Amino acid sequence: MQIAFFSTRKYDRDSFEAVYGDSKDIEFHFIEPSLDVKTAVLAEGCDAVCIFVNDDASGPVLEILKDKGIKYIALRCAGTNNVDIKKAEDLGLTVVSVPSYSPEAVAEFAVGMILTLSRKYHKAYHRVRDGNFLLDGLLGQNINGKTVGLIGTGRIGLCTGKILSLGFGATVIAYDPYPAPAEVAQKHGITYVQQLDELLERSDMISIHCPLLPSTRHVINEETIGKMKNGVILVNTSRGGLIDTSALIKGLKENKFAAVGMDVYEKESEYFFRDSSEKVIQDDQLSRLLSFHNVFVSGHQAFFTIEALHGIAETTLSNLRSLAKGEQCKNIVKSSK
Ligand code: NAD
C-alpha cells in the first residue's frame, strides 16, 4: 500500500519509521505541505492519504483525491472535523482515525495550562531570567477548593476530571449530553449538571473537552461568556472552532476572564505547525489574542508526547493494514446520516 503522508514534520517521520521498522507492506511518501485543493494532486499513484488536524479534506479535495485513485483517508488524530465524512462515503472513500491514543497527554496539558494560568509560571520564568525576583503581579490562586467545570467528559474530559478532583481537591462538575455511567463519574470524581448554564454559572475554571461538531461550534459565545463568573479561567485544548473568537476578545477587553489558555484557535491552520517568526502576522484576531497579558497560547501541542506519537503511529499503521487486507477495522469513521 502506497500512502501519501501530508503535513509531515520530522517527528512524524521518526515516530512512524520507528513503529513500522523494516516492514515492506506499506510505503510512505512523506510530503511537507498540508492537504488542500492545490496539493491533493501530490497523492497521485497512492492508495491512501495520511492526514492531520489542519489538513483540508473537504468535499472538493476529496473529489480530487478520488479522481487520483485514493481509496482510504487515514487521520492520524482523534478529531474528524476537517473531513467531510458524508462526501467521503458518497465517493466510496473509507475514512479511519485514531480515536484514542493517550488521553492522559491532553488531560495533563490542560491541567498544566490551568496551573500555569492560576500560578503564573509563564510570567515568573521570564521575570527571573531578567534578574527580577519581585513577587508583585504574580499572586496566584489555589485550584484546591475551586469549582472546575468540564464541557465534555469523553476519554480526555474524564482523565482531566480525575487529576483535578482526586489530585488537586477541586470540586469537578461536568456537562455532557451523553454522560458517563454514574460509577465511572464517581470513580473520576465528577458530578454532572443537567444544563450547560449551571456549569457556566458555578465554575471558577472551565476546561473544554468536547468535539467540534455543527452542534458544538461556538459553544463559547457572547451569551455563554455572559453567564460565566467574573474572573473565570477558561482553557481550550479541544478545537478552536468551539470558541467564537470575536466574543472571546470582547470578554477579555471587558475583564471578564482572570486568564484564558488556548492550545487551539479558530483559524489556526494558517499559522499553527509553521514557523512564522520572521513574518508579520496578518490575522488581527490572533495578534490581538497574543497581546493580552492574561492569555496563554500554545500551538496545538497538547497531544505532543512521546507516548502519544507512538500510539498514533501504531494505530494508524494497524488501521491501514486492516484496510489493505480487507479486514474489519474498528476505527472506520461513519457519518451520522
Ligand atoms: P471523546 O469522543 O472520547 O469525548 C467527547 C465527549 O464530548 C463525549 O463524551 C461527547 O458526548 C461529548 N460532547 C458531545 N457534544 C457535547 C456538547 N454539546 N457539550 C458537552 N459535551 C459534548 O473525545 P476525546 O478523546 O475526549 O477528545 C475530545 C476532543 O479533544 C477531540 O474531539 C479533539 O477535538 C480534542 N483533542 C485535542 C488534542 C490537542 O492536541 N489539543 C488532542 C486530542 C484531541
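Residues numbered from 1 in each chain as written. Predicted model: local features only at pLDDT ≥ 70, side-chain atom pairs only at ≥ 80, totals over all residues. Heavy atoms only, no water.

(A) Main features of the overall build of the chain. In terms of helices and strands, the chain carries 12 helices and 12 strands. Expected size for 337 residues packed as a compact globule is a radius of gyration near 20 Å; at 21 Å, the chain falls within 12% of this value. Along the longest, intermediate and shortest principal axes, the C-alpha atoms of the chain span 60 × 50 × 35 Å. Counting every position in the chain, which comprises 337 residues, the buried fraction comes to 49%. Within the chain, contacts between residues at least 6 apart in sequence are counted, and of these 71% link residues at least 24 apart. (Helix = DSSP H or I, 4+ residues; strand = E, 2+ residues; numbered from the N terminus. Rg over C-alpha atoms; globule rule 2.2 N^0.38 Å. Buried < 20%, exposed > 50% of the residue type's maximum accessible area, 1.4 Å probe, protein only. Contact = heavy atoms within 4.5 Å.)

(B) Spatial organisation of the sheet that holds strand β6 (residues 147–151). Reading across the sheet, the 7 strands line up as β8-β7-β6-β9-β10-β11-β12 and stay open at both edges, with parallel pairing between neighbours. Each edge of the open sheet carries a strand with a single partner, namely β8 (190–192) and β12 (295–297). Neighbour-to-neighbour, the strand axes of the sheet open up by a mean angle of 20 degrees, direction not taken into account. By the bridge criterion, 5 bridges tie β6 to strand β7 (residues 171–175) in an arrangement that is parallel. Pairing of isoleucine 151 across the sheet is with tyrosine 175, part of β7. Running at roughly 145 degrees to strand β10 (residues 232–236), helix α4 (residues 103–119) makes contact with β9 (205–208), β10, β11 (257–262) and β12 of the sheet. Of the strands in this sheet, β10, β11 and β12 touch helix α10 (residues 245–253), which is tilted by about 145 degrees from β11. (Pairing = 2+ DSSP bridges. Axes fitted to C-alpha atoms, helices over the stretch in contact; angles between N-to-C directions.)

(C) Geometry of the sheet that holds strand β5 (residues 94–96). Reading across the sheet, the 5 strands line up as β2-β1-β3-β4-β5 and stay open at both edges, with parallel pairing between neighbours. Taken across any chain shown, the strands that pair with only one partner, and hence form the sheet edges, are β2 (27–30) and β5. Each strand of the sheet is rotated relative to its neighbour by a mean of 20 degrees, with strand direction disregarded. Where strand β1 (residues 2–5) lies against strand β3 (residues 48–51), 3 bridges are found, and the strand directions are parallel. Pairing of phenylalanine 5 across the sheet is with cysteine 50, part of β3.

(D) Examining the site of the ligand more closely. Around the ligand, the surrounding shell holds 23 residues, and the nearest of these are Arg155, Ile156, Asp176, Thr237 and Phe303. Backbone polar atom of arginine 155 to an oxygen atom of the ligand: 3.0 Å apart, as the coordinates give it. Protein chains bury 86% of the 860 Å² of accessible surface belonging to the ligand in isolation. Residue classes in the shell around the ligand are distributed as 11 nonpolar, 8 polar and 4 charged. (Near = heavy atom within 4 Å. Polar contact = N/O pair within 3.5 Å; in protein donor to acceptor, adjacent residues only side chain to side chain. Areas by Shrake-Rupley, 256 points an atom, 1.4 Å probe, with all protein chains shown as cover. Nonpolar A, V, L, I, M, F, W, Y, C, P; charged D, E, K, R; others polar.)

(E) How the structure looks around the confidence of the model for the chain. Residue-level pLDDT values for the chain average 96, and 100% of them are 70 or greater. Across the whole predicted complex the pTM is 0.95, and at the interface the ipTM reaches 0.99. (pLDDT = per-residue confidence, 0-100.)

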